[in-house]
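Fold and contact review
Here's the letter readout for the chains.
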Amino acid sequence: MTRPALPPADLPAAYVLGHVRAPTGLIAAPPGPADAEGLVALDIAVAGGHIARLAPAGALIEDGPRIERAGTLALPGLADIHTHLDKGFIWNRAPNRDGSFEGAMAAVAADKPNWSEEDIRRRFDFALRCAYAHGTVAIRTHLDSEGERAAGAWRVFAEMREAWRGRIELQAVGLIPVDSVLDPALFDRLVGLVREHGGLLGSYTYVTPNLHAGLELLFDAAERHGLALDLHVDERDRNAHALVDIAEIALRRRFQGPILAGHCCALALKDEAEADRALDRVAQAGIGIVSLPMCNLYLQDRQPGRTPRWRGVTLLHEMRARGIPVMVASDNARDPFYAYGDLDLVEVYREATRIAHLDHPAGEGPALIARAPAQWMGVEAGLLAPGRPADLSLFPARSLNELHARPQADRLVLRAGRAIEVAPPDYGELDDLMERPQ
Ligand SMILES: Nc1ccnc(=O)[nH]1
């Protein structure tokens, strides 16, 4: 059997990708039936950088030269809804001493004096180039917004949002620990930065006597200024229950804005009845959930000489069953919170599939990195539809099984119908930044 050929990189201005397959849930009006995995065989006509038509495989014989027998899986532009681009790629100068959460906090705190705007800018741009090469078209990043350097990080973000417009749509969330929300100086600065830059309001929530007061203040500010919330929730403490508290507050206040909750790992340890009750309230409150399985797998339950038992997942199946919008995202990359990663959503999706058993059935999986986060971000991505930019990743895989089986380092990424460079940037580019003393 011949390997499915990828289309040539030098594509004409108008052409048809013939006989590709795409997940039915990522096609605006699927032109045919889905196979057992949920994939639809189709032709995609591209013209003027946009998707011109979608039709059953073999049907588009007059829409331009056919790139035939592509035989490949096609995914739309991908959206990474939870990252930390201000922090990324500091591993070589700020490794996590033991891989623990505490080790991550200590290493980041010790590294912060290095976070000049130039330092953040270069690492941020490096991360964006990684993501771009891997087929990502939209990213939401959290920005540590407590210390002296916070305003600089937001300035870099604003600059990058402009510089990358048209390639990667950028959003930012201001992040401070929930205890700091009670400090008017710190909280006012956070809200000021978020408002100044059109960002979202965030916080790192954890078990603290100040949790309720902090959440109420966050909702107050979100209501007053019309801000969306994007919170770190129940990531590290087994006894944490901020998720249900957030749902209760949102329901009591009839909060109208979107609330995205990241992590939600503690749910995995609750008994069924408590988890069910919490998820019912989350569904009622309309909260979306983003799981960060690679980072949480790395950090969670780490103790020297002991094999981890708690493995970084949240209850994605149970959430889906209730209609709760679920997504997966990169989180950290090559920093003390996660030593690895390359802002590659296909890797995140592949790992999430294995970690959380998202493969039986497999067909809904790709939405986790495409349609669901794109909808939540309000960006035009994650969906194959006529009129949308021809932003596609094409894989030498004829099925989701074949996609999952190999690393997919040899994908072809099309932006506005043209092939882009898929090699991520060279690590050596950042070497001079890594020489700085801590
Ligand atoms: N998982 C994480 C928690 C808090 N901050 C981060 O950068 N990452």
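Residues numbered from 1 in each chain as written. Predicted model: local features only at pLDDT ≥ 70, side-chain atom pairs only at ≥ 80, totals over all residues. Heavy atoms only, no water.

**Brief notes about the site of the ligand**
Test applied: Whether a residue is near a molecule or strand depends on its heavy atoms: it is near if one of them lies within 4 Å of it. Counted as a polar contact is a pair of N or O atoms within 3.5 Å, where, for protein atoms, one must be capable of donating a hydrogen and the other of accepting one, and residues adjacent in sequence contribute only when both atoms are in side chains. Accessible areas in this description were obtained via Shrake-Rupley with a 1.4 Å probe; residue shielding takes into account the shown protein chains only.
Neighbouring the ligand are His 84, Lys 87, Tyr 204, His 232, Glu 235, His 263, Cys 295, Asp 331, Asn 332 and Phe 337. Between the ligand and His 84, the relevant distance is 3.2 Å, taken from an oxygen atom to a side-chain nitrogen or oxygen of the residue. Take Asp 331: an N or O atom from its side chain is 3.3 Å from a nitrogen atom of the ligand. Out of a free accessible area of 240 Å², the ligand has 96% covered by protein chains.

**Structural notes on the pairing of strand 1 (residues 14-23)**
The following threshold applies: For each residue, the accessible area found with a 1.4 Å probe, counting protein chains only, is set against the maximum for its type, and the residue is called buried under 20%, exposed over 50%, and partly exposed in between. In DSSP terms, a helix is any run of H or I states spanning at least four residues, a strand is any run of E spanning at least two, and both are numbered starting from the N terminus. Only strands joined by at least two bridges in the DSSP assignment are considered to pair.
With respect to burial, strand 1 is a largely interior element, 7 of its 10 residues being buried. Two strands pair when backbone bridges link them, and strand 1 and strand 2 (residues 39-47) are joined in this way by 8 bridges, in the antiparallel orientation. Within the sheet, the bridge partner assigned to Pro 23 lies in strand 2 and is Leu 39. By the bridge criterion, 2 bridges tie strand 1 to strand 4 (residues 66-67) in an arrangement that is parallel. In the sheet register, Val 16 faces strand 4, and the bridge partner there is Arg 66.

**Thoughts on helix 6 (residues 242-253)**
Each α-helix turn comprises 3.6 residues. Residues three or four places apart therefore point the same way. Quick note on the threshold: Helix span is expected to be 1.5 Å times the residue number reduced by one.
The terminal C-alpha atoms of helix 6 lie 16 Å apart, and with 12 residues this matches the ideal 16 Å at 1.5 Å per residue to within 8%. Burial in helix 6 covers these residues: Ala 242, Leu 243, Asp 245, Ile 246, Ala 247, Ile 249, Ala 250 and Arg 253.

**Focus on the domain arrangement of the protein**
Heads up, the condition is: A domain assignment, automatic or from a database, supplies the domain bounds used here. What makes two residues a contact is simply this: any of their non-hydrogen atoms within 4.5 Å. Note on definitions: buried area is the accessible-area loss of two parts on being combined, 1.4 Å probe, summed for both.
In terms of domains, the protein is made up of domain 1 (14-76 + 383-419) and domain 2 (78-377). Using C-alpha coordinates to define each centre, domain 1 is positioned 31 Å away from domain 2. Counting residues at the interface gives 19 residues for domain 1, matched by 21 residues for domain 2. For the domain 1 and domain 2 pair, buried surface summed over both sides reaches about 1600 Å², with 59% attributable to carbon and sulfur atoms. It is His 404, Arg 411 and Arg 415 in domain 1 that bury the most area against domain 2; as a group they hold 39% of the surface buried on that side.

**Re the pattern of salt bridges**
Note the following rule: Each reported salt bridge corresponds to a side-chain nitrogen of Lys or Arg within 4 Å of a carboxyl oxygen of Asp or Glu.
Under the counting rule described, the total for this entry stands at 33 salt bridges. With its nearest N and O atoms 2.4 Å apart, the salt bridge here joins Glu 402 to Arg 398. Under the relative-accessibility criterion, Glu 402 is labelled partly exposed at 26%. Several salt bridges converge on common partners, so that one network encompasses Glu 216, Asp 220, Glu 223, Arg 252 and Arg 253.

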